[in-house]
Amino acid sequence: MALWKAAFAALSLFAAVEGFTTPTVSRVSQPLRMAETLAESELGTIATENIRNIAVIAHVDHGKTTLVDALLRQTNVFRDTAQADEAGERVMDSEDQERERGITILAKNLAVMRDGVKINIMDTPGHADFGGEVERVLNMCDGVLLVVDSVEGPKPQTRFVLDKALRQDMQVVVVVNKIDRPAARPDYVVDKVFDLMMELGASDKQIDFTTVFASGLNGISGMDPNDMQEDMKPLFDAIRDCVDAPTVKSTEPEALQCLISNIDYDNFKGKMGIGLITAGTIKAGQPIALARPDTPKKTGRLSSLFIFDNLGKREVEAASAGEIIMFSGLDNVEIGDTLITNEGGGANAAEPLPPIAVELPTVRMTLGVNRSPLAGREGKFLTSRMIRDRLFKETDRNVALQVEETDSADKYAVSGRGQLHLTVLIETMRREGFELEVGPPVVIYKENEETGEIEEPFEKVEVRVPEEYSGSVIDLFNTRNGELQDMGLDDGGESMSVIQYLIPTRGMLGLRSELLTATRGTAIIDAVFDSYRPKLKVDIKSRDKGSLLAFEDGVTTSFGMENAQDRGKLFVGPQEDVYKGMIVGIHQRPGDLAVNVCKTKALTNMRSATKGITVGITAPIDMSMDACVEYIASDEILEVTPSKFRMAKNPDMDQKRKKK
């Protein structure tokens with residue numbers, strides 16, 4: 001019997017690959033189609049009822065990617081244990097920066113087969129700055145797995161992503177992850193999730209959610225925290241039973257509608273679009289068009305058609321509604337386009353779907369040509385044309401990013417969801433061989449259409465910190481015009497204070513490093529965009545100390561650094577190239593100070609009793625790119641090269657001051 005079932009599953013998979021899928025008309029009519037579906041199953045065809053499209057959403061560090069890894073390992077994706085070990089942990093975080101930072105940056109697709117059901121899974125970022133990835137991925141899903149930490153419970157980003165899913169009327173399966181933690185409190189977490197859904201206005205069906213307890217790291221799950229199974233079967237069963245199959249309006253080829261939600265690149269096939277077929281069928285080689293409301297169509301022919309298979313993709317001849325596809329053939333495809341048929345000139349083609357709507361950016365930085373005296377020594381891409389092409393290429397797939405021309409021909413204004421959103425892009429370009437001049441981050445103001453008042457973005461910040469440091473945290477927020485919302489002890493019994501503030505986004509710029517310094521690295525900071533509010537008529541000072549500036553061009557010496565380190569903490573070591581106006585350290589007082597770190601010791605015939613006494617040189621502060629971006633003030637810039645980060649005074653600002 002088991003052998004017959006295996007042969008039947010293999011035959012069904014083959015039929016699905018060949019595209020002989022007959023979708024249902026709608027979720028409502030599924031019972032009416034039961035007999036027909038059974039007949040199709042006997043012929044070996046997988047119906048749309050056997051497809052589940054889900055997104056895994058959660059707050060950062062709640063274990064989404066680890067949970068997806070556990071699902072992969074238990075669906076025979078890897079050939080054997082050796083191959084699974086070779087793949088390592090967090091298989092989905094394939095980018096270098098994702099592994100280094102320990103976060104998911106880009107949403108990724110995969111598909112697994114389990115008990116005759118194909119599950120298309122979208123792993124999404126948890127950080128608030130990459131919320132645009134979550135917003136576009138939800139357009140390809142029919143349900144979500146809401147992953148919540150068994151100790152922390154719902155956090156600010158949990159609220160953001162859950163609100164997006166509930167607004168699209170998606171069914172939610174709650175996964176209480178990390179159930180193996182000693183301080184786990186599953187009942188408390190489930191109650192908090194229920195309260196959050198009530199606050200967000202969930203429907204009766206959504207509030208009646210299914211809860212699965214799991215440990216992605218150990219690969220176990222269960223419907224009861226006290227009765228866990230040694231595999232992920234309960235979670236797979238919950239996905240199959242609680243998430244609806246895709247809704248299909250029509251199966252006619254003329255009704256083809258596929259909203260493009262992602263873009264990928266292939267070295268041989270070029271630009272490729274990814275999206276969910278919501279209606280109709282599609283075949284490789286057929287005439288197609290990309291359409292948007294009130295916009296001329298872009299026509300072409302589908303050269304290749306793929307569906308997702310495990311961690312990769314597989315080429316097929318046809319696909320039907322309910323399936324997530326990847327296709328090539330149109331190099332001008334963009335996120336938000338609707339793929340429709342162009343058979344017969346597209347006379348009977350369906351109307352395009354509304355494009356993807358994402359929230360507007362809140363932070364802007366300028367990126368331009370590196371103009372420092374040390375420019376051009378390392379990078380491969382130096383000109384404004386190369387920088388411009390790379391930035392606009394990024395907007396093809398990064399829907400939350402905006403790039404604009406400026407008054408200067410060699411500078412571009414890049415806007416994003418937050419400082420991290422932009423620094424990840426800069427770091428990516430640096431590794432590709434670009435040299436850049438980066439301006440300080442500034443917030444984006446907007447005018448209220450009704451009152452005409454200028455408004456600025458505010459963020460809701462939650463800080464978990466040991467009790468002894470709570471006073472320092474409150475003091476830092478008060479100096480940056482934060483408004484205390486709530487304060488208390490954590491219910492987990494770890495003697496941690498939980499402090500919630502509403503603070504302008506410009507007050508958050510550079511605050512994270514100060515919080516970590518004041519709390520000796522123990523603070524856990526979670527921030528999410530709250531709303532636009534009337535601009536505060538006060539200046540928020542980013543830092544209370546000035547900078548140490550290089551007095552002249554040259555190479556740093558040990559003798560010069562011995563004298564300079566008495567004035568503050570240095571960023572540079574001996575034998576490093578510097579130039580006039582370059583920031584070489586932090587001044588111990590307010591205001592900038594020029595120091596001669598290139599000074600050499602005078603050679604004379606005089607001898608002294610203290611000749612053998614030398615002063616030790618303190619090790620310089622190692623500044624990462626994120627730390628540099630947080631440090632620079634409004635009159636300073638950051639020079640980014642493939643191997644160096646140098647901060648300096650903005651020469652344009654110096655010229656303005658001299659003219660005044």
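As annotated in an unreviewed UniProt entry, the protein carries the name Tr-type G domain-containing protein and comes from Skeletonema marinoi. Database annotation for the protein, UniProt heading Subcellular location (unreviewed entry): "Plastid, Chloroplast".

Colleague: Quick question: what am I supposed to make of the pairing of strand 2 (residues 108–114) here?
Modeller: In regular strands, side chains alternate between the two faces of the sheet. Among the seven residues that make up strand 2, six are buried, leaving the element largely enclosed by the rest of the structure. Here strand 2 hands over to strand 3 (residues 117–123) after two residues, with Asp115 in that stretch at a positive phi of 55 degrees.

Colleague: How do you make sense of the packing of aromatic side chains when you look at a structure like this?
Modeller: The geometry of an aromatic ring pair comes down to the distance between the two centres and the angle between the two planes. Taken as a whole, this structure holds four aromatic pairs when the rule is applied. Ring centres of Phe381 and Phe434 lie 4.8 Å apart, and the angle between their planes is 35 degrees; on these two criteria the pair is classed as tilted. With Phe381 in the loop between strand 19 (363–368) and helix 11 (384–394) and Phe434 in the loop between helix 12 (419–432) and strand 22 (436–438), the pair connects residues that are 53 residues apart, well separated along the chain. Overall, Phe381 belongs to the partly exposed group, its relative accessible area being 28%. Residue class for Phe434 comes out buried when judged on its relative accessible area of 5%.

Colleague: Would you mind going over the pairing of strand 10 (residues 270–279) with me for this structure?
Modeller: Of all 10 residues in strand 10, eight are buried, a share of seventy percent or more. Sheet analysis places strand 9 (residues 257–266) next to strand 10, joined by nine bridges and oriented antiparallel. By the bridge assignment, Asn262 is partnered in strand 10 with Ile274. Adjacent in sequence and paired antiparallel, strand 9 and strand 10 are bridged by three residues. Bridge analysis of strand 10 against strand 17 (residues 324–328) gives five bridges, and the strand direction is antiparallel. Note on strand 17: the bridge partner recorded for Gly275 is Ile325.

Colleague: It is not clear to me how unusual backbone geometry should be interpreted in this structure. Could you clarify?
Modeller: As a rule of thumb, non-glycine residues mostly have phi less than zero, and peptide bonds are mostly trans rather than cis. A positive phi angle, near 60 degrees, is found at Lys178, a position not held by glycine. Positionally, Lys178 belongs in the loop between strand 5 (171–177) and helix 8 (186–199). A positive phi angle, near 60 degrees, is found at Asn481, a position not held by glycine. Residue Asn481 is classed as partly exposed on the basis of its relative accessible area, which comes to 31%.

Colleague: What am I meant to see in the sheet that holds strand 3 here?
Modeller: The strands making up a sheet associate through hydrogen bonds between their backbones, and the pairing can be parallel or antiparallel. Judged by pairing direction, the sheet is mixed, and its eight strands sit side by side in the order 2-3-1-4-5-6-7-8 without closing on themselves. What marks the edges here is a single partner per strand, and that holds for strand 2 and strand 8 (227–229). For this sheet, the mean angle separating the axes of adjacent strands, direction not counted, is 30 degrees. Relative to strand 8, strand 7 (residues 220–224) runs antiparallel, the two sharing two bridges. Residue pairing in the sheet places Asp224 in a bridge with Asp227 of strand 8. Of the strands in this sheet, strand 1 (51–58), strand 2, strand 3, strand 4 (143–149), strand 5 and strand 6 (210–215) are in contact with helix 3 (residues 64–73), which crosses strand 3 at around 155 degrees.

Colleague: Can you walk me through the side chain of Ser497 in this structure?
Modeller: Summarising the element assignment, Ser497 is placed in strand 27 (residues 496–504). With a relative accessible area of 5%, Ser497 lands in the buried category. Setting aside residues up to four positions removed in sequence, Ser497 forms contacts with Val463, Arg464, Val465, Glu467, Ser470, Gly488 and Leu489.

Colleague: Explain the pattern of salt bridges here, please?
Modeller: Opposite charge on two side chains permits them to pair, given that their charged atoms come into close proximity. Within the structure shown, the criterion is met by 35 salt bridges. The residue Asp115 makes a salt bridge to Arg114 at a minimum N-O spacing of 3.9 Å. Of the residues examined, Asp115 reaches a relative accessible area of 55% and is grouped as exposed. We classify Arg114 as buried; its relative accessible area is 16%. Arg390 serves as the salt-bridge partner of Glu394, at 3.0 Å between the closest nitrogen and oxygen. Residue Glu394 and its partner Arg390 are located together in helix 11, separated by four residues, close to a single helical turn. Across this residue pair, the class does not change: Glu394 and Arg390 are buried.

Colleague: Please explain the sheet that holds strand 10 as it appears in this structure.
Modeller: The antiparallel open sheet is built from eight strands, whose spatial order is 13-12-18-9-10-17-14-15. Every interior strand has two partners, whereas the edge strands, strand 13 (295–301) and strand 15 (312–315), have only one. For this sheet, the mean angle separating the axes of adjacent strands, direction not counted, is 40 degrees. Here strand 9 pairs with strand 18 (residues 338–341) via two bridges, running antiparallel. In the sheet register, Leu259 faces strand 18, and the bridge partner there is Thr338.

Colleague: Help me understand helix 8 in this model?
Modeller: Think of an α-helix as 3.6 residues a turn; residues three or four steps apart then line up on the same face. In this model helix 8 runs 20 Å from its N-terminal to its C-terminal C-alpha over 14 residues, within 8% of the 20 Å that 1.5 Å per residue would give. Among the residues making up helix 8, those that are buried are Pro186, Val189, Val190, Val193, Leu196 and Met197. Taken down its axis, helix 8 places every buried residue within 120 degrees of arc, on the same side. Seen from the buried face of helix 8, the exposed residues on the opposite side, beyond 90 degrees, are Asp187 and Glu199.

The rules we used
- Residues numbered from 1 in each chain as written.
- Predicted model: local features only at pLDDT ≥ 70, side-chain atom pairs only at ≥ 80, totals over all residues.
- Heavy atoms only, no water.
- UniProt positions renumbered as here; feature names shortened; annotations may be inferred.
- Buried < 20%, exposed > 50% of the residue type's maximum accessible area, 1.4 Å probe, protein only.
- Helix = DSSP H or I, 4+ residues; strand = E, 2+ residues; numbered from the N terminus.
- Pairing = 2+ DSSP bridges.
- Phe/Tyr/Trp six-rings, centres within 6.5 Å; stacked < 30°, edge-to-face > 60°.
- Axes fitted to C-alpha atoms, helices over the stretch in contact; angles between N-to-C directions.
- Contact = heavy atoms within 4.5 Å.
- Salt bridge = Lys/Arg side-chain N within 4 Å of Asp/Glu carboxyl O.
- Expected span 1.5 Å × (residues − 1).
- Arc of directions from axis to C-beta.

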